[in-house]
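Here is how the chains run, residue by residue.
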Amino acid sequence: MTLAEKILASKSGRRSVSPGEIVVASVDRIMIHDVSGVGVFKVIESYRARKGIDSLKLVMASKTWVAEDHFVPPSDRKSASNIRFLESMASKYGIERYYRYGAGENYGISHTLALEEGLVRPGDLYIGGDSHTNTAGVFGALAVGMGHTDVAYALMHGVTWLRVPETIKIHLEGSFKPSVMAKDLILRILGDIGSGGADYRVMEFRGPALKGMNIDERATLTNMTTEASAKSGIMEPDDLVLSYLEEKTGSRPRPIASDPDAWYVDEHQYRLEEIEPMVAKPSSPDNVSPVSEVEGVEVDRVYVGSCIGAKLTDLRAVARILKGRRVKVRTEILPASHRIYRQALKEGLIDIFTESGALIGPPTCGACFGGHMGVVADGETVVSTTNRNYPGRMGSKEARVYLASPLTAAASAVTGRITDPGELM
Amino acid sequence: MRIRGYVHKYGDKIDTDVIIPGVYLKEHDPKQLAKHAMEGIDPDFVKRVREGDVIVAGRSFGVGSSREHAVYALRYAGIRAILAKSFSRIFYRNCINTGLIIPIEIGDDVYRSLETGDLVELYVEEGRLRVESKGLELKIGPPSRIVIEIIRRGGLLNIDPEELKRIASQ
């Protein structure tokens, strides 16, 4: 069995499972945020009222965490009252692990917190009320994004139903050129398999090249499996991951791996040396081309943010380019979490950014989903380190958004046009 | 289950950002969300759509976010079934688990046979679609047993885990 099949077999109390079967599986961890969490509690409260239940116990309360990340700081009265509602519901139902923005050791984007705080373990079935929940597959968990009703059901009963997915193998060898990052690789993969290329399937990344990537870079790969419509992205946890989680949580997780004779529905191989800096052109993440084909396109704004594009490794990459240079176009940099922000301060990255003229924002999903804090206008051309550029995603339908690596985004900020970062390195 | 309504036809990759743009995610009242359904791609949709209507679409319908808002917006605008060449998985689950929208996968031939404005009658369990306006009868689906059962019961919350296991194993 593959990693994903093994997890589903174990969670549904079976010796083995095969792709296509429907299983009812027990859930280990749950995440909700200030958009999905509000929806989840509305579902739960209306269910409670409909059934006339006075006090409803959520069996997964102690295995659930809440992150405020989408409309924070609140963009208006409605989003502010959503946060208050979420807080009151979490307290009513006894969910104690709650990451409040502006009040704590760490807060920020949910998927970033999952990694930084070690909230997910290898072998877990982890469901989150957000499509980029896939990111946590970097730890060897089956990390699956779901909607409000699904999450509400899992919170109440501790189980969910799933079709056992086929697994696609992505085999990686070699190492990147200095101007290339994991973002370029995942864009290339998306271009190859298309936005529906992993429908109902899991993408398992394997191969010696993973050893050369840190957790941030690996998480860039699992994060954007969502844009291929994958049920999840997953990797076998290696010593780096096991030691990292041991340090974060005080106990070393048990490793888990796909069987040597596991069946894969499809296989793709990449040599990392052959990957060029890539962009996804407007207006779909699979509409990709090498930077060389769009070089020189005039840019109005650069956005560095989100769960995929503002991790510490991403900020370091941006700083490498911006050091001693000034940005030519509006550039917004929003670290993905409070902890990353503080580390960036310690390392002098924030100094480099502010000296370059860029704007520093708080940890938030912000303009990545067109919510607030840097929403884009009609006719603007934007280079963004985020993961989606569907029409209107970041604001105006008439904006042109290019998705790129942090290096390419930074280089484009300096020149004011789409630029291969190799030229500035 | 039997559905009768008019077809609204779209192409591939109708993503959740065009079904209900991100700025409305702070809204949780389905009736308010319905006012903005398909705003990102078809601003006139909400004026045309009537209760019980059907969306016909190409590949990867609902690709993108996990926002259940997308299902609420379409259902409260009037949509009761979506026939697409393929669905993005979270949107597909949300249709089923809320019990609000019947998602059915169709082939190229069925997609080509249908146009905006066609009046159709859908017999879900029988896997039959009658195109009244053209006098056609097409075979579609039917969806799997668990899908039909969850929708027929009005959504996942109305089924307890033991029963869910029973349905899943059948």
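Refer to the structure above for everything that follows.
Caption draft 1: Quick look at the overall build of chain A. A tally of helices and strands in chain A yields 14 helices and 18 strands. Here the C-alpha atoms of chain A give a radius of gyration of 21 Å, agreeing with the 22 Å that 2.2 N^0.38 yields for 425 residues. Along the first, second and third principal axes, the C-alpha atoms of chain A reach 60 × 55 × 40 Å. In chain A, which comprises 425 residues, the share counted as buried stands at 66%.

Caption draft 2: Spatial organisation of the pattern of salt bridges. Applying the stated criterion across every chain, the model contains 47 salt bridges over all chains. Residue Glu332(A) pairs with Arg301(A) through a salt bridge whose shortest N-O separation is 3.3 Å. Residue Glu332(A) is located in strand E15 (residues 330-333), and its partner Arg301(A) is located in strand E14 (residues 301-304); the two are separated by 31 residues in the primary sequence. Each member of the pair Glu332(A) and Arg301(A) is classed as buried. Across the pair Glu121(B) and Arg2(B) runs a salt bridge, and its minimum N-O distance is 1.9 Å. Note that Glu121(B) is positioned in strand E5 (residues 119-123) and Arg2(B) in strand E1 (residues 2-9), a separation of 119 residues in sequence. Where salt bridges share partners, they join Arg2(B), Arg4(B), Glu121(B), Arg130(B) and Glu132(B) into one cluster.

Caption draft 3: Fine view of the interface of chain B and chain A. Taken residue by residue, the interface counts 45 residues in chain B and 51 residues in chain A. A buried area of about 3900 Å², summed over both sides, lies between chain B and chain A, and 57% of it is on carbon and sulfur atoms. By the criterion of area lost to chain A, the three top residues of chain B are Lys26(B), Arg89(B) and Leu157(B), representing 21% of everything that side buries. Where chain B packs against chain A, one counts five salt bridges. In this structure, Asp17(B) engages Arg393(A) in a salt bridge whose closest nitrogen and oxygen atoms are separated by 3.3 Å.

Caption draft 4: Focus on the side chain of Thr220(A). Residue position: Thr220(A) is located in helix H7 (residues 215-223). Contact partners of Thr220(A), with chain neighbours within four places excluded, come to Ala182(A), Lys183(A), Ile186(A), Ile308(A) and Lys311(A).

Caption draft 5: Up close: the sheet that holds strand E3 (residues 79-84) of chain B. Residue and element names in this part refer to chain B. Within the open sheet, the seven strands sit side by side as E4-E3-E2-E1-E5-E6-E7. Their pairing is mixed. Pairing within the sheet leaves two strands with one partner each, and these edge strands are strand E4 (102-105) and strand E7 (136-139). Neighbouring strand axes in the sheet, compared pairwise and without regard to direction, differ in orientation by 30° on average.

Caption draft 6: Broad picture of helix H5 (residues 148-157) of chain A. All names here are of chain A. Of all 10 residues in H5, nine are buried, a share of seventy percent or more. Listed as buried for H5 are His148, Thr149, Asp150, Val151, Ala152, Tyr153, Ala154, Leu155 and Met156. Among the residues trailing H5, Gly158 stands out with phi positive, at a value near 75°.

Caption draft 7: Fine view of the environment of Ala411(A). Residues and elements named next belong to chain A. Here Ala411 is to be found in helix H14 (residues 406-415). Taking C-alpha positions, Ala411 is 25 Å from His372, a pair spaced 39 residues apart along the chain. Ala411 has contacts with Ile321, Thr419, Asp420, Pro421 and Leu424, leaving out every residue within four places of it along the chain.

Caption draft 8: Structural detail: the pairing of strand E10 (residues 232-235) of chain A. All names here are of chain A. Alternating residues of E10 divide into Ser232 and Ile234 and Gly233 and Met235, and every residue in both groups is buried. In this structure, strand E9 (residues 202-206) lies alongside E10, joined through four bridges in parallel fashion. From the neighbouring strand, Met203 faces E10, where its bridge partner is Gly233. A crossover connection joins E9 to the parallel E10 through H7; in handedness this β-α-β unit is right-handed.

Caption draft 9: Structural detail: the nonpolar core. Within the largest apolar cluster, 108 residues are counted, with the highest numbers of intra-cluster contacts made by Phe45(B), Phe61(B), Leu74(B), Ile82(B), Leu83(B) and Phe91(B). Apart from the residues within four sequence positions on either side, Leu83(B) is in contact with Val54(B), Ile55(B), Val56(B), Ala57(B), Ile104(B), Ile106(B), Leu114(B), Leu122(B), Leu129(B) and Ile140(B). In terms of nonpolar packing, the next biggest core, distinct from the first, is built from 58 residues, Ile168(A), Ile189(A), Leu210(A) and Met224(A) among them.

The rules we used
Residues numbered from 1 in each chain as written. Chains lettered and ligands numbered in written order. Predicted model: local features only at pLDDT ≥ 70, side-chain atom pairs only at ≥ 80, totals over all residues. Heavy atoms only, no water. Helix = DSSP H or I, 4+ residues; strand = E, 2+ residues; numbered from the N terminus. Rg over C-alpha atoms; globule rule 2.2 N^0.38 Å. Buried < 20%, exposed > 50% of the residue type's maximum accessible area, 1.4 Å probe, protein only. Salt bridge = Lys/Arg side-chain N within 4 Å of Asp/Glu carboxyl O. Contact = heavy atoms within 4.5 Å. Buried area = accessible area lost by both parts, 1.4 Å probe. Pairing = 2+ DSSP bridges. Axes fitted to C-alpha atoms, helices over the stretch in contact; angles between N-to-C directions. Right-handed = clockwise from strand over helix to strand, strands pointing away. Core = buried A, V, L, I, M, F, W, Y, C linked by side-chain atoms within 4.5 Å.

Function cannot be read off these values alone, since they describe shape.
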